[in-house]
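# Results of the structural survey
Each chain, written out:
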Amino acid sequence: MVFAFTLTEVGAPFSTASAEPAFKARPTWVSPVPAMEIVEAFDPPTESWLRGHRGIDVLTVSGEPVRAPAGGTIRFRGSVASTPTMSIETESGYVISFQPAESTLETGEAFPAGAEIGTVAQGGHCEESCLHIGIWKSEGVKKYTDPAVFFGQEQSILLPLSRKPAHEHTGDSTRSGAGAWGGHRNGRIPAAAMCAVKSAPGQMLRCDAQAAFDRMSHAYEARFSTPISVTDAYRDYDTQVILKRRKGRMAARPGTSNHGWALAVDLGGGINSFGSAEHQWMRANAPKFGWIHPGWARQSGSLPEPWHWEFRR
């Protein structure tokens, strides 16, 4: 196991880390990198002085942007133990640290959820390039909590590389909900042609898909007491290039991703797990709102992805 310690500020009180978030409802934070894949889970020590993994590591490539999970301000940027580090303080009172990461923003500078606040730097403790994320409350005793639950990733299921089909899936299948519209090119849709998802700050969809999604999320919230957790929606071309570098043949060829049409979403919070109550609710109710789980993404499909849903209307 890799051991890592998140940014510790001088004079900050410290206590044993906790695996539980400080609130009961699932969060709707923006994932700091698209298609977030956890490669090292939260594994806190039983005592504060012992070694442990007080955050999560997510797969990245050096130089890719880091997005703000929530609105807030820059708290720190510099070097900790010779590793480029930045931390932010959210408007809701949490501190989020990123290593290795660099930012050109000034300490105290404000930003909205989803804004680009820095880039993944070189260094860190992973064998492959990764971003270490740690979270704690900004006030009181410093107590680390599992970042995965803030991004709807507490039940993530990853597809083994051996199950990847020989031919990549693209968005031009008649069975797919995603495809060309409005004369736009994949991944190059202007922001003015899309609308922000109200229940998922920083995420964009075609406006009719967004309106239907928010209605669906409202119905979902009535059942599960939390909006649908969106880990990714529209992906521009540059983001698709980054994912291809990061994930190889597990990612679509840039310019062909279903997400590049602003008509597809990746979901978390339990929906990303086959057989969960949340996933079953989506299978039964999402079509009423025009959202489908395409055949190729189902458990018996060619590329099972319980988290992937598309708009068909």
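Structure: see above.
Residues numbered from 1 in each chain as written. Predicted model: local features only at pLDDT ≥ 70, side-chain atom pairs only at ≥ 80, totals over all residues. Heavy atoms only, no water.

### Focus: the overall build of the protein chain
As a reminder of what qualifies: Strands are runs of DSSP state E lasting at least two residues, helices are runs of H or I lasting at least four, and both sets are numbered from the N terminus onward. Relative accessibility thresholds used throughout: buried, under 20% of the residue-type maximum; exposed, over 50%; partly exposed, between the two (1.4 Å probe, protein chains only). The contact criterion used throughout is that any non-hydrogen atoms of two residues lie within 4.5 Å. For the area figures, the Shrake-Rupley method with a 1.4 Å probe applies, and any residue is considered shielded solely by the protein chains shown.
For the protein chain, the helix and strand inventory stands at 3 helices and 17 strands. Put simply, the protein chain has 313 residues, and 53% of those count as buried. A separation of at least 24 residues holds for 69% of the contacts in the protein chain among residues at least 6 apart in sequence. Accessible area for the protein chain stands at about 13800 Å²; split by element, carbon and sulfur atoms hold 51% of it.

### Section: the pattern of salt bridges
Pairing between side chains of opposite charge can happen when the charged atoms of each approach one another. Let me state the cut-off plainly: For this document, the term salt bridge refers to a Lys or Arg side-chain nitrogen within 4 Å of an Asp or Glu carboxyl oxygen.
If you walk through the whole model with that rule in mind, you get 8 salt bridges. Here E106 ties to R77 by a salt bridge, and the two come within 3.4 Å at their closest N and O atoms. Taken together, the residues E106 in the loop between strand 7 (101–102) and strand 8 (110–111) and R77 in strand 4 (residues 72–80) connect sequence positions 29 residues apart. When its relative accessible area of 34% is taken as the criterion, R77 is described as partly exposed. Ionic pairing is found between D208 and R206, a salt bridge with its closest N-O pair at 2.8 Å. Sharing partners across several salt bridges, the network here consists of R67, D232, R235 and D266.

### Observations concerning the packing of aromatic side chains
Our working rule: A pair of Phe, Tyr and Trp rings is counted when the ring centres sit within 6.5 Å of each other, with Trp represented by its six-membered ring. The angle between the planes then sorts it: under 30 degrees is stacked, over 60 is edge-to-face, the rest tilted.
Under the definition given, this model contains 9 aromatic pairs. Here F213 and W291 contribute two aromatic rings whose centre-to-centre distance is 5.6 Å and whose plane-to-plane angle is 75 degrees, an arrangement assigned as edge-to-face. Placement of the pair is F213 in helix 1 (residues 207–224) and W291 in strand 16 (residues 291–292), with a sequence separation of 78 residues. The same class applies to F213 and to W291, which are both buried. Ring geometry for Y220 against W281: centres 5.4 Å apart, planes inclined by 85 degrees, an arrangement best described as edge-to-face. Residue Y220 is located in helix 1, and its partner W281 is located in helix 3 (residues 277–285); the two are separated by 61 residues in the primary sequence. Overall, the relative accessible area of 1% leaves Y220 in the buried class. On the accessibility criterion, W281 (13% relative accessible area) is buried.

### A short note on the pairing of strand 15 (residues 264–267)
The condition that has to hold: Two strands qualify as a pair provided that DSSP identifies no fewer than 2 bridges between them.
Residues A264 and D266 point to one face of strand 15 and V265 and L267 to the other, with burial holding for every one of them. Relative to strand 15, strand 14 (residues 230–232) runs antiparallel, the two being bridged by 2 bridges. Bridge pairing in strand 15 links D232 to D266. Taken together, the 3 bridges between strand 15 and strand 17 (residues 308–311) define a ladder with antiparallel strand orientation. Bridge pairing in strand 17 places D266 opposite H308.

### Examining the environment of S97
Tracing the backbone shows S97 in strand 6 (residues 94–99). By relative accessible area, which is 1% here, S97 ends up buried. In sequence terms S97 and H132 are 35 residues apart; their C-alpha atoms lie 7.9 Å from each other.

### Some thoughts on helix 2 (residues 237–247)
Because an α-helix completes one turn every 3.6 residues, residues spaced three or four positions apart along the sequence face the same direction. The cut-off we apply is this: The arc refers to the directions leading from the helix axis to the C-beta atoms.
Buried within helix 2 are the following residues: T239, Q240, I242, L243 and R246. Considered in projection along helix 2, the buried side chains sweep an arc of 160 degrees and stay on one side of the axis. The exposed set on the far side of helix 2, more than 90 degrees from its buried face, consists of D238 and R245. Among the structural elements, strand 2 (56–59) and strand 3 (65–67) are those in contact with the buried residues of helix 2.

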